[in-house]
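Architecture at a glance
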Amino acid sequence: LIPEMPGFYPSAGTLSDVFNFWVYYYDQDGDAPTVKNIYVDGVDHPLTLWSGTPSSGYYHYETSLPLGTHDYRFYFEDGRGGTARSPIVATLPGPVVVLDHIVSQPSAPTGEAAPSPGVSRSYTTATSICNLGHAVQYRFDWGDGGTSDWLPVGQTSEAHAWAAAGAYLVRAQARCSVVPAVISSWTEALSVNVAGTLRKTDLNGDGQEDILWRYCGMGGYIRTWFMSNTDGAASAITPSDGEMTPESGHQEPNHRMSGEALFPSFMSGKGKSGPINKGERSRPADIMCASAKRTRGAGSVDDPRKAGTGLQMPIFGVCSDPRQVSSPPHQGLTPSLSSERVASPQLLGGADVMPVGDLNWEIVGSGDFNNDSRTDILWRNISNGANVVWFMNGTEWSGSAELLPVGDQSWEIVGTGDFNRDGNVDILWRNSVSGDNVVWYMNGTTWIGSAILLKVTDQSWHIVGTGDFDKDGNIDILWRYNGAGGYNVVWHLDNATWIASSELIPVGDTNWQIVGTGDYNNDGNIDILWRYNGPGGYNGIWYMNGMTWIGSAELLPVPDLSWKIVNR
């Protein structure tokens, strides 16, 4: 019996490794062994034939091993009294087993969940540990096909900017700084939604917020101002002498119809013909309050500043004109910025939208309801409670969809936005009698559920805008007090749950009305659009950095107060 060429692999490893032992066996008489064992650390284990024949072949054993240094030997019997061992005496030195070299998974990245395109934001991870006590390094996968370099030891944050709009998953990974091949698994992902160039009201698709007007007088004209954040202001633009007819879709020059509703017939109460003729729509019971598909908030207040821990005292003096506001010293603004208005945005041009002579129809919101990257227009009929979306192709009407009607006229649509972050435009309602506030969750133009917000009973408080003021990825609500003090307050929301409030600079003259919100200077912050409902018809913008005023811009005045800005 001749066992020879013993060996093993690997020579060293960890608790998770598998070790292989082998030996070549040859019996001159051609006898197969009846006993074929390996002794590892003095404990016998049976061998199996790996290759060759039983009397002339390689025998093999594989196993994992505990920590430490190990020895081994082989032993055979042929069943006729013959025995053999390798080595003949003592044992052979075997594998060395050490602790697994492990770098633990870091914490999921944290950082801004809704950055603007091209704006660099910082993201942070931490908590990874090397079990051998070595320092670790981190890197990020940005979800756009790029990863960061491995960061220096001790650095846990890295900045990144996404060039294109979209949804991205940001992950982090760690490695041992001494043995770089030892790398952790990737973390759970942080979902980052980069806002696109489509603004809340961008009818010409140039990535700039526009201003939408409705004439609340004979003709029911609709006009959009195409805006730019370029310095200076263009000359006034007057409505064109033409209008769109739903029948032809063409402009008819030198003709305006006085008082006649120019709407598809299903909106004018003359039947149900038109592009959305689908018969009567079923309305879920109590979609505002008691539906099973709702998330209920808690409690009510008479003042939105009292949400949470109580009334926050104003930190600003009251101004009477938002154009003349200057920054308090504690806001840290430069003297030049606090004493001068910034240059006005440029009015690039304008276009008429198909007019609607029936003034019972009010424009109550805008947004991309059908996810075609174009701004659509939301209507509510204050007479019969119908609600309709106009699908737009620029300033051209391309179709309509009828939403669930709400006949109770105390319910008013006061804003739009993606409150539950599912990629669909939702609808914000306020009850002008009870003070209830409700979000309709939408899937396109289909209602899928409701959420009840904190109730505000004082009807002098008006919801005047929506937008992500604190850039946490959630839509917030802007309030204005139409009474003494002229307070302005932002509610910070998490979905439809109030989490905090911020008080803005009050404007005591309540003829100044907030008529819209949007990013008018493309800096990634929600700004505030004002109109003076008094002599002069002044219009202006507050440029904001979060909840901090940083400058103002004055727009062209429109003295005819029948023209209303309807950017909601």
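Note that the structure is a prediction, hence the values are computed from the model and not measured.

**Description of the layout of surface pockets**
Rolled over the atoms, a probe sized like a water molecule indicates the empty space that remains. Here the second largest pocket defines a volume of roughly 1,000 Å³. Lining the second largest pocket are 41 residues, with His-462, Gln-513, Ile-514, Ile-565 and Arg-568 sitting closest to its centre. Those elements that provide at least two residues to the lining of the second largest pocket are β24 (361–367), β28 (411–417), β29 (426–431), β33 (461–467), β34 (476–481), β37 (512–518), β38 (527–532) and β41 (563–565). Take the lining of the second largest pocket: its biggest share by element is five residues, from β37. For the lining of the second largest pocket, the class distribution of residues is 21 nonpolar, 11 polar and nine charged.

**Some remarks on the sheet that holds β34**
Taking strand neighbours across the sheet as the criterion, the four strands line up as β33-β34-β35-β36 in an open arrangement whose pairing is antiparallel. Of all strands in the sheet, those bounded by a partner on one side alone are β33 and β36 (497–503). The mean inter-strand angle of the sheet, taken between neighbouring strand axes irrespective of direction, is 25 degrees. Looking at chain direction, β34 and strand β35 (residues 488–494) are connected through four bridges and run antiparallel. Each residue of the ladder has a partner; that of Arg-480, found in β35, is Asn-488.

**Observations concerning the pairing of strand β39 (residues 539–545)**
With respect to burial, β39 is a largely interior element, six of its seven residues being buried. Alignment of β38 against β39, held across four bridges, turns out to be antiparallel. The residue of β39 that forms the bridge with Trp-530 is Gly-540. Hairpin geometry of β38 and β39 is characterised by an intervening segment of six residues between the two adjacent antiparallel strands and by a positive phi of about 105 degrees at Gly-536. Two strands pair when backbone bridges link them, and β39 and strand β40 (residues 548–555) are joined in this way by seven bridges, in the antiparallel orientation.

**Some words on the sheet that holds strand β16 (residues 190–194)**
Read across the sheet, three strands follow the order β13-β15-β16 without closing on themselves; strand pairing throughout is antiparallel. Pairing within the sheet leaves two strands with one partner each, and these edge strands are β13 (136–141) and β16. When the angles between neighbouring strand axes are averaged without regard to direction, this sheet yields 30 degrees. When β13 meets strand β15 (residues 166–176), the two strands line up antiparallel, connected through six bridges. Residue Tyr-138 lies in a different strand from β15, and its bridge partner there is Ala-174.

**Re the environment of Tyr-39**
By the secondary structure assignment, Tyr-39 is in strand β4 (residues 35–40). Considering only alpha carbons, one finds Tyr-39 and Arg-73, 34 residues apart in sequence, at a separation of 5.3 Å.

**Considering the pattern of salt bridges**
Across all of its chains, the model carries five salt bridges by this definition. A salt bridge links Asp-29 to Arg-80; the shortest N-O distance between them is 3.1 Å. A residue pair is termed long-range when its members are at least 10 positions apart, and Asp-29 in the loop between β3 (19–26) and β4 and Arg-80 in the loop between β8 (68–77) and β9 (83–86) qualify at 51 residues. Classification of Asp-29 as exposed rests on a relative accessible area of 55%. Taking the relative accessible area as the measure of exposure, Arg-80 reaches 57% and is therefore exposed. Between Glu-112 and Arg-121 there is a salt bridge whose closest N-O contact spans 3.0 Å.

**Side note on the side chain of Gln-173**
Here Gln-173 lies in strand β15. Reaching out from Gln-173, the side chain makes a polar contact with the side chain of Arg-139 at a distance of 2.8 Å. In this structure the side chain of Gln-173 is engaged in a polar contact, spanning 3.0 Å, whose partner is the backbone oxygen of Ser-184. In contact with Gln-173, other than residues within four places in its own chain, are Pro-106, Gln-137, Tyr-138, Arg-139, Trp-150, Ile-183, Ser-184, Ser-185 and Trp-186.

The rules behind these values
- Residues numbered from 1 in each chain as written.
- Predicted model: local features only at pLDDT ≥ 70, side-chain atom pairs only at ≥ 80, totals over all residues.
- Heavy atoms only, no water.
- 1 Å grid on protein atoms, 1.4 Å probe; cavity = no way out; pocket = protein on both sides within 12 Å on 5 of 7 lines; lining within 4 Å.
- Points joined across faces, edges and corners; volume = space filled by probe spheres on them.
- Helix = DSSP H or I, 4+ residues; strand = E, 2+ residues; numbered from the N terminus.
- Nonpolar A, V, L, I, M, F, W, Y, C, P; charged D, E, K, R; others polar.
- Pairing = 2+ DSSP bridges.
- Axes fitted to C-alpha atoms, helices over the stretch in contact; angles between N-to-C directions.
- Buried < 20%, exposed > 50% of the residue type's maximum accessible area, 1.4 Å probe, protein only.
- Salt bridge = Lys/Arg side-chain N within 4 Å of Asp/Glu carboxyl O.
- Polar contact = N/O pair within 3.5 Å; in protein donor to acceptor, adjacent residues only side chain to side chain.
- Contact = heavy atoms within 4.5 Å.

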